[in-house]
Amino acid sequence: MNAPQQWVFIWEKGYQEFDTVVSSVTSKVKGVVVTNTTELGVKIWDVADYIIPAQEENAVFVMTNLILTQNQTQGHCPELPETSFCSKEQPCTPGYVGKQSNGVQTGKCVPYNSTVKTCEIFAWCPVENDTHVPDPAFLNGAENFTVLIKNNIWYPKFQVSKRNILSNISSSYLKTCQYDKVNHPFCPIFRLGNIVKEAGESFSDMAVQGGVMGIQINWNCDLDRKLTYCVPKYSFRRLDNREIDHNVSPGYNFRFAKYYKDSNGVESRTLMKVYGIRFDILVFGTAGKFDIIPTMINIGSGAALFGVATVLCDMIVFHFFKKRHYYREKKYKYVEDYDELVGSECGSNP
Amino acid sequence: MNAPQQWVFIWEKGYQEFDTVVSSVTSKVKGVVVTNTTELGVKIWDVADYIIPAQEENAVFVMTNLILTQNQTQGHCPELPETSFCSKEQPCTPGYVGKQSNGVQTGKCVPYNSTVKTCEIFAWCPVENDTHVPDPAFLNGAENFTVLIKNNIWYPKFQVSKRNILSNISSSYLKTCQYDKVNHPFCPIFRLGNIVKEAGESFSDMAVQGGVMGIQINWNCDLDRKLTYCVPKYSFRRLDNREIDHNVSPGYNFRFAKYYKDSNGVESRTLMKVYGIRFDILVFGTAGKFDIIPTMINIGSGAALFGVATVLCDMIVFHFFKKRHYYREKKYKYVEDYDELVGSECGSNP
Amino acid sequence: MNAPQQWVFIWEKGYQEFDTVVSSVTSKVKGVVVTNTTELGVKIWDVADYIIPAQEENAVFVMTNLILTQNQTQGHCPELPETSFCSKEQPCTPGYVGKQSNGVQTGKCVPYNSTVKTCEIFAWCPVENDTHVPDPAFLNGAENFTVLIKNNIWYPKFQVSKRNILSNISSSYLKTCQYDKVNHPFCPIFRLGNIVKEAGESFSDMAVQGGVMGIQINWNCDLDRKLTYCVPKYSFRRLDNREIDHNVSPGYNFRFAKYYKDSNGVESRTLMKVYGIRFDILVFGTAGKFDIIPTMINIGSGAALFGVATVLCDMIVFHFFKKRHYYREKKYKYVEDYDELVGSECGSNP
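Residues numbered from 1 in each chain as written. Chains lettered and ligands numbered in written order. Predicted model: local features only at pLDDT ≥ 70, side-chain atom pairs only at ≥ 80, totals over all residues. Heavy atoms only, no water.

To continue, consider the overall build of chain A. A count of helices and strands for chain A gives seven helices and 18 strands. Counting over 350 residues, chain A shows a buried share of 52%. Contacts in chain A between residues at least 24 apart in sequence constitute 67% of all its contacts with a sequence separation of at least 6. About 16,800 Å² of surface is accessible on chain A, with carbon and sulfur atoms providing 54% of the total. (Helix = DSSP H or I, 4+ residues; strand = E, 2+ residues; numbered from the N terminus. Buried < 20%, exposed > 50% of the residue type's maximum accessible area, 1.4 Å probe, protein only. Contact = heavy atoms within 4.5 Å. Areas by Shrake-Rupley, 256 points an atom, 1.4 Å probe, with all protein chains shown as cover.)

Here you go:
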């Protein structure tokens, strides 16, 4: 075998067949935080309050900031000033729905406050005012929450499955450990603040507008070695766009509502514009295992390459070098004499 | 190099190594719609009302139609006539639960209305009657909603990441643009009606029973070129089955409930059978980059093929052609005379 | 072509190009169950009650067990004894939040019951007591529920799409069938109990603490054959870890809350710690189709391998066998005489 061929074989594992990973993830967040605001007073937030929705497949969303609009009911109220100022000269259009509007215009122009008039709309009233986002973030304390990630992977072609909770890890270790790149690389419990820090970001900044973090689990496995060497490798990366110049709705947020009914059956809701960090657990990797097919293809192809290389080599020597006549004579004399496979100036040559 | 070999090289990028995409998606829908029915009166629906659940990973569900069953409480009531008619001859079985039933039979046979008697069941009462689906769809106006899709992809092998919001797109463009295959192929904001239309479907039809739409994002990238050429390509496809002959529960719907408690602590719920369109964002693609390994394998293999081709060619000429004796003589005389690599009738020949 | 080459060709489909599957899944569960406990009385549970969240992309969660903590309000109450015993010698720390705690310590030490004192916390009170998990599971009857799975797959490279509801299956069959490995391998309706049983597990055991089940759909397709031969193959596997020694929070559970407001606007919630089985639908597979590129690469590489093989063969015969001189003489005499391609002792030889 020649040199590049050996490289394919040893380094790039040319003797292996490959398969990509099939994965299943579950996660569990722990932690409580207390907030104290003039609007809401002292409040406690636990898992059932800040994880929305309660469970997802390959992700977990942790609320870090919040704009609350309580006691909304369907009715008529003035739109926010930003998009729908109005006056006698600039009247409102009944039935019109703007791109950013919260409801349908009735056509009336009503006072928003003592100085400004805006179009009246039919909507959930009062309308949410999200111009001011709390900074520092309402639930900045989420930095200290921890998330336990359980990941089960499978390589269908080789019928091999593994878990990120390795079998040599004890139950007592799992109760106290916290992931650390150097000291605890296989502990499946991550502090949220550390995840963000590892990705080179600031949690307090990210908590204000929200964002998306990738928890990447790499399962590259060489199945020709013992299965215990096949272990997960964690890394962290921010996935949403921070560039302000070419971005819309920066960060990550969404709206949802809790619905209530009073004793008369009238429905009201609390609208929540929820900012937070979505942790996407991205699992990828390939497993390789010895297989006769790629081995043979690589040997065959390498052997042929070997022939090509010698021919090319001869051509260069015969045609471009100064002493080419000497080489040519030497070479073909050789052939006439022995008529066998022997080594020439550049690699073995016929 | 021979012709097919060149094709592998140039067309099929035989000199590249490949990797498949790792993806993360977020989405945000905008729009409000007003409905006016005798049952509910005038009602407004905004994002918090029609997006269920509030956030998903690679999909977004938009409610387009609705069967509402208000003020359900647990108790006894007659089952729907479809599956459980009863009479003195056909009595009910206490404890029986049919495949389509909404509760457990008590054994009694009670009047459903003035003409029909059905089995009494223990269930959330009154039982939902979904025989009549509103047509046109309740929230047919969802056609005008827009969805902003943010997609971050990564090719782990090459350590390359990209976003579907390209870096040469300005913030002001993003505020007003709307995706259009021809004029705005890189605008990440899609009008729901247009998505459905592009897939060759009718929104009003689809809105009635619901359905599943695929928003496909293709990220095939040639990383030997500048990264700015690596751009997303959007396409749209309906994913659910419309063939009526071999289908169960056509369209797409699911049930969920809002729970209320009155002042006495008695729980009631509003059951919603929600029809709608689930937009699945399917991200796929491969990136290729020059790599010495596949290059050498292809050259080697091609060179060998080259040899095979000439041998085959000779065999055909020598054995099947009329003038074969002439060719054979010519060829081997040639060889005897010069004993060198020269071209023969079909390709270069030893 | 030599023997290993033929094997690559026939068995490993060396003449095909491959693509991996792009998939979209929807699911629908059916069934009701009645429970009778002293705490809750007789209660009925239907789809809207036990599927949480109402819809997911590639998974469906069915609640099987439940710890209910009703009428929680924010306030002060004693922590659970497990983690926070206290006394005059072991006082509580105001503001302290333990890893397992449900709230923030106020610093007071209050009686938990007549014998034990624990730290007072500010939390949603009363605190959930999850030390005793109902066994047998609360909704053990979920065993008889059925789930309909609709799967649409696509091979982008070949522009081929298929559904798991095959086109030769009639609508009436789909209304009554139930998946069975032997008799109904293409029925897309699965009884939950059977899924768990097929994976070699006990439903009643799994229902208590919850778990994660994989419903694997294998779409390996040979697109050189008729598309009707491209059919799904179902298999089932438990995905969560049952080994007690190295496990944290065994099974599968999560917490969520239903929020209520009384007539004075005071918010209360019902906290639910929900145990259940999450069915992850894992779709994978590759499609192969004839393509000239891999065909040629394999032929080329095989041909070269052929050459390597004969050289190796000669080397063995000439150098290691006893009668090597005889063979060598024979061989080269032959060559001198005829100077043509003829068969030698081991394979065709020049």
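Take the UniProt feature "binding site: ATP" (unreviewed entry) in chain A next. Here, UniProt's "binding site: ATP" (unreviewed entry) annotation points to Lys28, Val29, Lys30, Thr146, Asn253, Phe254, Arg255 and Lys273 of chain A. These residues run over 246 residues, and the two farthest C-alpha atoms among them are 24.5 Å apart, placing them at more than one spot. Put simply, the named residues that line the largest cavity are Asn253, Phe254 and Arg255 of chain A. If you trace the backbone, Asn253 of chain A turns up in strand S14 (residues 253-261). For Asn253 of chain A, a relative accessible area of 9% corresponds to the buried category. The class for Arg255 of chain A is partly exposed, based on a relative accessible area of 21%. Every residue in contact with Arg255 of chain A, bar those within four places of it in the chain, is listed here: Glu128, Asp130, Leu271, Met272 and Lys273 of chain A together with Lys28, Ala48 and Ala54 of chain B. Within the structure, Arg255 of chain A has its side chain in polar contact with the side chain of Glu128 of chain A (distance 2.9 Å). (UniProt positions renumbered as here; feature names shortened; annotations may be inferred. 1 Å grid on protein atoms, 1.4 Å probe; cavity = no way out; pocket = protein on both sides within 12 Å on 5 of 7 lines; lining within 4 Å. Polar contact = N/O pair within 3.5 Å; in protein donor to acceptor, adjacent residues only side chain to side chain.)

With that settled, the discussion passes to the pairing of strand S4 (residues 41-45) of chain A. Residues and elements named next belong to chain A. Pairing geometry for strand S3 (residues 33-37) and S4, over five bridges, is antiparallel. For Thr37, the partnering residue across the bridge sits in S4 and is Gly41. Where S3 folds back onto S4 in an antiparallel hairpin, the turn is made up of three residues. (Pairing = 2+ DSSP bridges.)

Residue and element names in this part refer to chain A. Here the structure, examined in full by the defined rule, presents 39 aromatic pairs over all chains. Residues Trp124 and Tyr259 carry aromatic rings whose centres are separated by 6.2 Å and whose planes lie at 65 degrees to one another, so their mutual orientation is edge-to-face. You can see Trp124 sitting in strand S7 (residues 117-125) and its partner Tyr259 sitting in strand S14, a full 135 residues away along the chain. Judged by its relative accessible area of 4%, Trp124 falls in the buried class. (Phe/Tyr/Trp six-rings, centres within 6.5 Å; stacked < 30°, edge-to-face > 60°.)

All names here are of chain C. Strand order in the open sheet formed by three strands is S1-S16-S12, with mixed pairing between adjacent strands. Taken across any chain shown, the strands that pair with only one partner, and hence form the sheet edges, are strand S1 (16-20) and strand S12 (221-222). Here S1 runs beside strand S16 (residues 286-290); their pairing, made up of five bridges, is antiparallel. The residue of S16 that forms the bridge with Glu17 is Lys289.

Further remarks concern the UniProt feature "glycosylation site" (unreviewed entry) in chain A. Residue and element names in this part refer to chain A. Per the UniProt annotation, the sites labelled "glycosylation site" (unreviewed entry) are Asn144. Secondary-structure assignment places Asn144 in the loop between S7 and strand S8 (146-155). Judged by its relative accessible area of 53%, Asn144 is exposed.

All right, on to the sheet that holds strand S1 (residues 16-20) of chain A then. If you walk across this open sheet you meet the three strands as S1-S16-S12 (chain A), and the pairing is mixed. Edge positions in the sheet fall to S1 and strand S12 (221-222) of chain A, since each has one partner strand and no second.

Residues Ile52 of chain B and Pro53 of chain B are joined by a peptide bond in cis, for which omega reads -10 degrees. By secondary structure assignment, the location of Pro53 of chain B is in the loop between helix H2 (47-50) and strand S5 (59-78). Positive phi is not limited to glycine here, since Asn71 of chain A has a value of about 55 degrees. Assignment of secondary structure puts Asn71 of chain A in strand S5 (residues 59-78).

We now examine the environment of Arg278 of chain C. Mapped onto the elements, Arg278 of chain C comes out in strand S15 (residues 267-284). Residue Arg278 of chain C is classed as buried on the basis of its relative accessible area, which comes to 0%. Expressed as a C-alpha distance, the spacing of Arg278 of chain C and Glu79 of chain C, which sit 199 residues apart in the sequence, is 31 Å. Separated by 3.4 Å, the side chain of Arg278 of chain C and the backbone oxygen of Glu56 of chain A make a polar contact.

This part takes up empty space enclosed by the protein. Using a probe with the size of a water molecule, rolled over the atoms, empty space left in the structure can be pinpointed. Taken as a whole, this structure holds twelve cavities of 30 Å³ or more when the rule is applied. Space inside the largest cavity adds up to approximately 180 Å³. The wall of the largest cavity is formed by 15 residues, among which Phe254 of chain A together with Ser27, Lys28, Ile51 and Ala54 of chain B lie closest to the centre. Put simply, the parts of the chain that give the lining of the largest cavity at least two residues each are S14 of chain A together with strand S2 (22-30) and S5 of chain B. Each residue belonging to the lining of the largest cavity can be placed in one class, and the counts come to nine nonpolar, three polar and three charged. (Points joined across faces, edges and corners; volume = space filled by probe spheres on them. Nonpolar A, V, L, I, M, F, W, Y, C, P; charged D, E, K, R; others polar.)

For strand S7 (residues 117-125) of chain B, the tally of buried residues reaches eight of nine residues, placing the bulk of the element in the interior. Between strand S6 (residues 104-111) of chain B and S7 of chain B, which pair antiparallel in sequence order, lie five residues.

Here we take up the side chain of Gln55 of chain A. Along the polypeptide, Gln55 of chain A turns up in the loop between helix H2 (47-50) and S5. Looking at Gln55 of chain A, its side chain comes within polar contact range of the side chain of Glu56 of chain C, at 3.3 Å. One polar contact links Gln55 of chain A to Tyr252 of chain C, side chain to side chain, over a distance of 2.5 Å. Excluding its chain neighbours within four sequence positions, the residues that come into contact with Gln55 of chain A are Ile52, Pro53, Glu56, Phe61, Tyr252, Phe254 and Arg278 of chain C.

Looking now at the side chain of Glu120 of chain C. All names here are of chain C. By the element assignment, Glu120 lies in strand S7 (residues 117-125). Among buried Asp, Glu, Lys and Arg side chains, Glu120 stands out as unpaired, with Lys108 the closest opposite charge at 4.4 Å. Reaching out from Glu120, the side chain makes a polar contact with the side chain of Thr106 at a distance of 2.8 Å. Dropping the residues within four chain positions of it, Glu120 is found in contact with His76, Cys77, Pro78, Val104, Gln105, Thr106, Gly107, Lys108 and Val110. (Lys, Arg positive; Asp, Glu negative; His and termini not counted. Salt bridge = Lys/Arg side-chain N within 4 Å of Asp/Glu carboxyl O.)

Turning next to the state of the cysteines. Residue and element names in this part refer to chain C. What the rule picks out here adds up to 15 disulfides over all chains. Across a sulfur-sulfur distance of 1.9 Å, Cys77 and Cys125 are joined as a disulfide pair. As the torsion about the S-S bond is roughly -80 degrees, the Cys77-Cys125 disulfide counts as left-handed. Of the two residues, Cys77 is situated in strand S5 (residues 59-78) and Cys125 in strand S7; the sequence distance between them amounts to 48 residues. In terms of burial, Cys77 and Cys125 fall into one category: buried. (Disulfide = S-S within 2.5 Å.)

All chains considered together, the criterion is met by 34 salt bridges over all chains. Here Glu267 of chain A and Lys43 of chain B are joined by a salt bridge, their closest N and O atoms 3.6 Å apart. Remark: Lys43 of chain B occurs in strand S4 (residues 41-45) and Glu267 of chain A occurs in strand S15 (residues 267-284); the pair is interchain, linking two chains. Salt-bridge contacts for Arg238 of chain C lead to Asp240 of chain C; the nearest nitrogen and oxygen are separated by 2.8 Å. Through salt bridges that share partners, Glu128, Asp130, Arg255 and Lys273 of chain A make up one connected network.

Residue and element names in this part refer to chain A. Looking at chain A, the pLDDT average stands at 83 and 77% of residues meet or exceed 70. Strand S10 (residues 189-191) holds the highest mean pLDDT among the elements of chain A, 96, whereas strand S18 (residues 348-349) holds the lowest, 39. Long-range and interchain partners of residues 334-350, a stretch whose pLDDT sits below 50, account for 21 contacts in this model, where long-range means more than four residues apart. The ipTM, which scores confidence in the relative placement of chains, is 0.81 for this predicted complex, and the corresponding pTM is 0.84. (pLDDT = per-residue confidence, 0-100.)

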